[in-house]
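# Tertiary structure, described
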Amino acid sequence: EAVMGVIARLAHRAPLSVMPKIRKSMGQSMEQLEYSDDARVKEEAILLLKCLARGAGSLLEPYVPAMLQHMLRQMHDESAPQAVVQACLSAVGELSLVSHSAVRPYLHVILPEVIRALQDQTVLQKTEIAMRALGQIVSSTGDVVTPYLEYPELLDAVLDALKVKVAVIASHVGGGSSGQDGDDSSGGYRLRIEAIRTVGILGALAPTKLPLLRAGMLPMIVHGEKSVG
């Protein structure tokens, strides 16, 4: 993975000699992701694709839709292991930074999966990854505030995740826990930072609109205004 990261960065210097190797590696990784029955192999394939996307950047833009389709199939799979789903969430966030135009047509599929991960309070790391991916997707596409209107449950999902994890942190601090509890507390602080950053990216929602949003009325009003316009 580290080696491929270096090779991906070199692609900007010598694309003619490096890109064929990157395309071959991408093809192999997507085949493993699609056909392998080994969860560990799938996770490593996803991490490699994420590493290539981060290193090669815009050079991989034509291949983002194909990679996204493979990721989304894994995220939709109810039997997929948590590690694979988490890796997909993280990779989708990176892919959105590579090509916002390629990700935008899939937002109606990606955002519900991200929200579902945020609502899952059982795995701290999964919530943190979903929060980071949400911030990356929104910042790359420029769709600020709009996700609140399209998905009224998003605001409560972000705030509830933050409240729960802050409560966990407080319990660890008050009880003087250590070891694994210390790791959970550290993860809670990271999640809090990600949540604050993501809320800042999403933008502010007028306080007068909050009751309408939670009542499910605001999206209907906004869509009505658009249709009239």
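In what follows, the structure referred to is the one given above.
Now for a look at the structure at hand.

The rules behind the values
- Residues numbered from 1 in each chain as written.
- Predicted model: local features only at pLDDT ≥ 70, side-chain atom pairs only at ≥ 80, totals over all residues.
- Heavy atoms only, no water.
- Salt bridge = Lys/Arg side-chain N within 4 Å of Asp/Glu carboxyl O.
- Buried < 20%, exposed > 50% of the residue type's maximum accessible area, 1.4 Å probe, protein only.
- Helix = DSSP H or I, 4+ residues; strand = E, 2+ residues; numbered from the N terminus.
- Expected span 1.5 Å × (residues − 1).
- Contact = heavy atoms within 4.5 Å.
- Lys, Arg positive; Asp, Glu negative; His and termini not counted.
- Arc of directions from axis to C-beta.

### Remarks on the pattern of salt bridges
Evaluated as defined, the whole model comprises eleven salt bridges. With a closest N to O distance of 3.3 Å, Lys126 and Asp120 form a salt bridge. Across the pair, exposure class does not vary: Lys126 and Asp120 are buried alike. Three or more residues are tied together by salt bridges with common partners; here these are Glu128, Arg132, Arg190, Glu194 and Arg197.

### Considering helix 4 (residues 64-76)
Under the 1.5 Å per step criterion, the end-to-end length of helix 4 is 18 Å for 13 residues, consistent within 8% with the ideal 18 Å. The complete set of buried residues in helix 4 reads Val64, Met67, Leu68, His70, Met71, Leu72, Gln74 and Met75. Structurally, helix 4 contributes buried residues whose contacts are with helix 2 (15-35), helix 3 (39-56), helix 5 (82-98), helix 6 (100-103) and helix 7 (107-119).

### Notes on the side chain of Lys42
Counting through the fold element by element, Lys42 comes out in helix 3. Here Lys42 sits buried without a salt bridge, and the closest side chain of opposite charge, Asp77, lies 5.2 Å off (N-O distance). Residues contacting Lys42, with those up to four places away along its chain left out, are Gln32, Leu33, Ser36, Gln74 and Val84.

### What about helix 2?
Three or four residues apart is the spacing at which side chains of an α-helix point the same way, because the helix has 3.6 residues per turn. With 21 residues, helix 2 ought to run about 30 Å at 1.5 Å a step, and its terminal C-alpha atoms sit 29 Å apart, in line with that. For helix 2, the set of buried residues is Val18, Met19, Ile22, Ser25, Met26, Ser29, Met30 and Leu33. Along helix 2, the residues classed as buried sweep out an arc of 135° about the axis, all on the same side. Across helix 2 from its buried face, at more than 90 degrees, point the exposed residues Leu16, Lys21, Lys24 and Tyr35. Lining the buried residues of helix 2 we find helix 1 (2-10), helix 3 and helix 4.

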